[in-house]
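Now for the letters of each chain:
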Amino acid sequence: MSDTRSKLSLENHKITVLLIDDQAMIAEAVRRALSSEKDIEFHYCQDPTKGIKLATEINATVILQDLVMPDIDGLMMVRYFRVNKDTAQIPIILLSTKDEASKDEASIKSKAFSLGANDYMVKLPDKIEMIARVRYHSQAYINQLQKDEAFRALEESKAKLAEANRTLQKLSSLDGLTGIANRRNFDETLNKEWNRAMRSEKSIGLLMLDIDFFKLYNDHHGHQGGDDCLKKVAKGLDSAIHRETDFLARYGGEEFSGILPDTDLNGSVKVAEEMRLAIKDLRIEHAKSTVSDLVSVSIGVSAIIPQQGTDPKILIGAADQALYKAKEDGRDRVKSGLVTDVSS
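Okay, so let's go over this structure. Computed from a predicted model, the values in this text were never measured in an experiment.

What follows concerns the nonpolar core. Leu207, Phe256, Met275 and Ile299 are the most contacted members of the largest nonpolar core, which totals 26 residues. Of all the secondary-structure elements, those providing two or more residues to this core are strand 6 (204-211), helix 8 (214-239), strand 8 (255-261), helix 9 (265-282) and strand 9 (297-304). Setting aside its immediate chain neighbours within four residues, methionine 275 contacts Leu207, Leu209, Leu237, Ala240, Ile241, Leu248 and Ile299. Ranked by size, the runner-up nonpolar core spans 24 residues in total, among them Met69, Leu75, Ile92 and Tyr120.

Here the focus is a nonpolar patch on the surface. A grouping of Met76, Tyr80 and Val83 is seen on the molecular surface, where their side chains present a nonpolar patch of about 280 Å² in accessible area. Here valine 83 is to be found in helix 4 (residues 74-83). Since its relative accessible area comes to 67%, valine 83 is described here as exposed.

Following the sequence through the fold, methionine 275 ends up in helix 9. Separated by 134 residues in sequence, methionine 275 and tyrosine 141 have C-alpha atoms that sit 65 Å apart.

You can see threonine 189 is positioned in helix 7 (residues 183-200). If we ignore the near neighbours within four places in the chain, the residues touching threonine 189 are Phe247 and Ile259.

Attention now moves to the packing of helix 7 against helix 10 (residues 313-328). Running from N to C, helix 7 and helix 10 point in directions that differ by 115°, and their axes come no closer than 11 Å. By the angle between their axes, helix 7 is roughly perpendicular relative to helix 10. For the pair helix 7 and helix 10, the contacting residues are Phe186, Leu190 and Trp194 in the first and Ile314, Leu315 and Ile316 in the second. Within the contact of helix 7 with helix 10, the residues separate by chemical class into 6 nonpolar, no polar and no charged.

This part takes up the pairing of strand 7 (residues 247-252). In terms of burial, strand 7 is a largely internal element, 5 of the 6 residues being buried. The pairing of strand 7 with strand 8 spans 5 bridges and is antiparallel. Within strand 8, the position partnered with phenylalanine 247 by the bridge is isoleucine 259. Adjacent in sequence and paired antiparallel, strand 7 and strand 8 are bridged by 2 residues, among which glycine 253 carries a positive phi angle near 60°.

Time to look at the environment of phenylalanine 247. Looking at where phenylalanine 247 falls in the secondary structure, it is placed in strand 7. Of the residues examined, phenylalanine 247 reaches a relative accessible area of 14% and is grouped as buried. Sequence separation between phenylalanine 247 and asparagine 185 is 62 residues, and the spatial gap between their C-alpha atoms is 9.9 Å. If we skip the residues at most four places from it in the chain, phenylalanine 247 touches Ala181, Asn185, Phe186, Thr189, Ser257, Gly258 and Ile259.

Procedures and definitions
Along each chain, residues carry numbers from 1 onward, in the same order as the chain's sequence is written. Selection of residues for local features in this predicted model requires a pLDDT of at least 70, selection of side-chain atom pairs for listing and counting requires 80 or more, and totals for whole chains, interfaces and linings are taken over all residues. Remark: hydrogens and water are excluded; side-chain values derive from all non-hydrogen atoms of the structure. For the purposes of this section, nonpolar cores are sets of buried Ala, Val, Leu, Ile, Met, Phe, Trp, Tyr and Cys residues that join through side-chain atoms within 4.5 Å. Throughout this description, buried means an accessible area under 20% of the type-specific maximum (1.4 Å probe, protein chains only), exposed means over 50%, and partly exposed covers the range between. Counting from the N terminus, the helices are DSSP H or I runs at least four residues long and the strands are E runs at least two residues long. Should any heavy atoms of two residues lie within 4.5 Å, those residues are counted as being in contact. What goes into a patch is any residue over 30% in relative accessible area without a salt bridge, connected to like charges within 9 Å or, for nonpolar side chains (Val, Leu, Ile, Met, Phe, Trp, Tyr), within 5 Å. Where accessible areas are quoted, they stem from the Shrake-Rupley method and a 1.4 Å probe; at the residue level, only the protein chains shown are allowed to cover. Any carboxyl oxygen of Asp or Glu within 4 Å of a side-chain nitrogen of Lys or Arg constitutes a salt bridge here. Under this scheme, a helix contributes an axis fitted over its contacting stretch, all axes are lines through C-alpha atoms, and angles between N-to-C directions fall in the 0 to 180 degree range. Roughly parallel here means an angle under 35 degrees, roughly antiparallel means over 145, roughly perpendicular means 65 to 115, and every remaining angle is called oblique. Amino acid classes used here: Ala, Val, Leu, Ile, Met, Phe, Trp, Tyr, Cys and Pro are nonpolar; Asp, Glu, Lys and Arg are charged; the rest, including Gly, are polar. Paired strands, as defined in this entry, are two strands with at least two bridges between them according to DSSP.

Structure follows, in structure tokens:
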């Protein structure tokens with residue numbers, strides 16, 4: 001159905017007749033026949049070349065059209081209506097004189113119906129019969145419009161619901177403060193990438209990061225200052241992510257984590273070092289740090305090619321151990337750890 005028709009609300013659908021005939025006398029007779037029907041709106045067009053435009057403007061529900069007109073063949077006019085998207089579905093009732101119909105009525109009707117006409121009457125038709133046919137075809141058309149509108153409304157409602165669900169799903173997977181992935185999202189992604197790496201027999205890297213002396217920073221600058229620091233660090237870490245497949249999350253508190261699919265230990269260490277430098281480049285002052293006068297991070301790195309029967313927890317454990325080692329060795333550094341326990 002056309003865009004013009006789709007704008008009609010259900011309550012605005014009414015029977016609207018458009019007569020296209022070059023004889024004003026015929027138009028007056030049809031008008032009088034329909035004038036007693038208060039719910040039927042009548043329009044007349046003497047120029048067939050303006051028929052399509054007028055039918056669209058008045059939202060015609062049925063077209064009464066003369067078969068023989070001086071400027072254009074009636075059957076050709078039917079073809080024009082049917083190829084125009086705004087009038088393609090409007091019912092068309094062809095009108096012909098008795099003389100025209102008697103020449104080769106069967107052949108004319110067959111041609112008319114094959115081109116898309118819906119009905120055929122000899123003019124002037126009986127008033128009761130004409131009103132009945134106008135009502136029948138108009139109501140069938142209106143019913144179809146209503147079905148189309150109901151279907152369209154349902155599809156729009158489904159689309160809005162799907163979009164709302166996608167938005168909700170996205171929000172539920174993000175950390176409310178930093179805007180990056182949250183812990184739940186991290187757990188789901190790690191399991192997914194772990195299984196994928198197991199199938200492809202490729203290495204997966206994991207980073208565990210911790211802001212050095214964050215509690216002291218938070219105590220000194222207050223919770224708002226601490227929150228601002230976390231947001232800046234998250235942005236800095238994200239700037240060191242260059243592949244769409246790499247994943248960054250807030251693990252909890254001042255801890256962050258990174259998942260690096262298809263990345264071995266050496267490659268993971270390079271990414272970790274880039275993250276460490278990215279945080280230093282932010283130049284966030286940290287007067288209470290005993291390592292540096294700027295906010296810094298310690299990073300633990302691990303990587304493994306997962307085997308059947310293994311669990312991603314072993315990767316987290318190895319990265320945690322490496323992070324502990326980075327802190328123990330003075331913080332503001334990257335340490336890598338090997339996965340030694342591969343039992344399930």
